Amino acid sequence: MSSHNASELPILCSSGQLLLQPLWDRLRAREALTQSPLFAVFFSITTYVGFCLPFVVLDVLCPWVPALRRYKIHPDFSPTARQLLPCLGQTLYQHVVFVLPLTLLHWTRGPAPWPREAPELLQLARHVVGCLLLFDAEFFAWHVLHHKVPWLYRTFHKMHHQNAASFALATQYMSAWELFSLGFFDMVNVTLLQCHPLTVLVFHVLNIWLSVEDHSGYDFPWSTHRLVPFGWYGGVAHHDLHHSQFNCNFAPYFTHWDKILGTLRSAHAK
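Calculation notes
- Residues numbered from 1 in each chain as written.
- Predicted model: local features only at pLDDT ≥ 70, side-chain atom pairs only at ≥ 80, totals over all residues.
- Heavy atoms only, no water.
- UniProt positions renumbered as here; feature names shortened; annotations may be inferred.
- Helix = DSSP H or I, 4+ residues; strand = E, 2+ residues; numbered from the N terminus.
- Buried < 20%, exposed > 50% of the residue type's maximum accessible area, 1.4 Å probe, protein only.
- Contact = heavy atoms within 4.5 Å.
- Axes fitted to C-alpha atoms, helices over the stretch in contact; angles between N-to-C directions.
- Parallel < 35°, antiparallel > 145°, perpendicular 65-115°, else oblique.
- Left-handed = near helix turned anticlockwise from the far one by under 90°.
- Nonpolar A, V, L, I, M, F, W, Y, C, P; charged D, E, K, R; others polar.
- Expected span 1.5 Å × (residues − 1).
- Bend = angle between axes of the 7 residues up to and from the residue.

- The name recorded for the protein chain in an unreviewed UniProt entry is Cholesterol 25-hydroxylase, from Enhydra lutris kenyoni.
- Per UniProt, the protein chain carries the Subcellular location (unreviewed entry) text "Membrane".

Shown next as structure tokens:
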């Protein structure tokens, strides 16, 4: 081992990079693929559908497995094919017609070079949490505005509320404007915090999962809100209450903005 490499190894070990470096090296080895616009769209769709599928299977099984109903917020509701297919179709349509052309347009500027080093583990965690907190604040303001201004609600946000009882594939059943808004928040946040590309990837995966879980209609003992202490995270029952009552629980994930502005309502008090 050269003196240069030997001096680098302790730095990697002490910074936490060593844990993430093998994963980052594998991604960099496929950089031509992973930085292509087609991969970005394919990754987004497959991650979203992959997270939705287990809940779709549970919805199919629920009428035949009574034990599942104890975890379902609306035990007597199961989405039909006439509800599921338009939601899936809307997601595919928007990614092909809107997301892909915008990704191609952005890609014409040329992909940014990737760093050789992985991010530090603690830095990755801080940036992911920071992105989630920023996204939560931005979407809270956007969401309140689109509920308080009737024209905005009718024109852009009403589509997302067509299914009173949420289910996983309804997560991205939204207007193109709403999809662009959420994508814009994501892009601004990772740029503002100067996130490492691996951090961006982790944030997108986590953000998609949390969104799907919030709309899934299932409240399990291991659901995210049960893992976060002190009621800081709202969770699926919290967000389901927004879909049924419209005037509360506007933040997508955390509860502090609704507490501050008096729009928080406990799912246990309904």
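Okay, back to it.
Quick word on the environment of S78
Turning to step 1, where the next piece is worked out: When you line up the elements, S78 lands in the loop between α4 (37-61) and α5 (81-107).
Turning to step 2, where the next piece is worked out: With a relative accessible area of 24%, S78 lands in the partly exposed category.
Turning to step 3, where the next piece is worked out: S78 sits 139 residues away from G217 along the chain, and the two C-alpha atoms are 9.6 Å apart.
Turning to step 4, where the next piece is worked out: The contacts of S78, once residues within four sequence positions are left out, are D59, C62, P63, K72 and Q83.

So, the environment of G231
Turning to step 1, where the next piece is worked out: Mapped onto the secondary structure, G231 falls in the loop between α10 (224-227) and α11 (236-245).
Turning to step 2, where the next piece is worked out: For the pair G231 and A141, spaced 90 residues apart in sequence, the C-alpha separation works out to 21 Å.
Turning to step 3, where the next piece is worked out: With residues up to four places along the chain from it excluded, the contact list for G231 reads T255 and K259.

Here we look at unusual backbone geometry
Turning to step 1, where the next piece is worked out: Here F246, not a glycine, exhibits a phi torsion of approximately 70 degrees, which is positive.
Turning to step 2, where the next piece is worked out: Along the chain, F246 turns up in the loop between α11 and α12 (256-261).
Turning to step 3, where the next piece is worked out: Judged by relative accessible area, F246 falls into the partly exposed class, the value being 34%.
Turning to step 4, where the next piece is worked out: Located in the positive-phi region is N249, a residue other than glycine, with phi close to 50 degrees.

Quick word on the packing of α4 against α5
Turning to step 1, where the next piece is worked out: Orientation of α4 relative to α5, taken along the N-to-C sense of each, is 160 degrees, at an axis distance of 8 Å. Classified by the interaxial angle, the pair formed by α4 and α5 is roughly antiparallel. Handedness of the crossing formed by α4 with α5: right-handed. Across from P37, L38, A40, V41, S44, I45, Y48, V49 and V56 in α4, the residues of α5 making contact are L84, L88, T91, L92, H95, V99, L100, T103, L104 and W107.
Turning to step 2, where the next piece is worked out: Looking at the contact of α4 with α5 residue by residue, the class counts come to 15 nonpolar, 4 polar and no charged.

With respect to the UniProt feature "transmembrane region" (unreviewed entry) in the protein chain
Turning to step 1, where the next piece is worked out: Taking the numbering used here, the UniProt-annotated feature "transmembrane region" (unreviewed entry) corresponds to residues 38-62.
Turning to step 2, where the next piece is worked out: In the segment residues 38-62, helix accounts for 96% and strand for 0%; the C-alpha atoms at its two ends are 36 Å apart.

Focus: α4
Turning to step 1, where the next piece is worked out: Look at α4: 37 Å from first C-alpha to last across 25 residues, which is about the 36 Å you get at 1.5 Å a residue.
Turning to step 2, where the next piece is worked out: Taking the largest bend as the criterion, α4 deviates by roughly 30 degrees, centred on L53, and proline P54 comes between one and four positions later.
Turning to step 3, where the next piece is worked out: Contact partners of the buried residues in α4: α5 and α9 (197-215).

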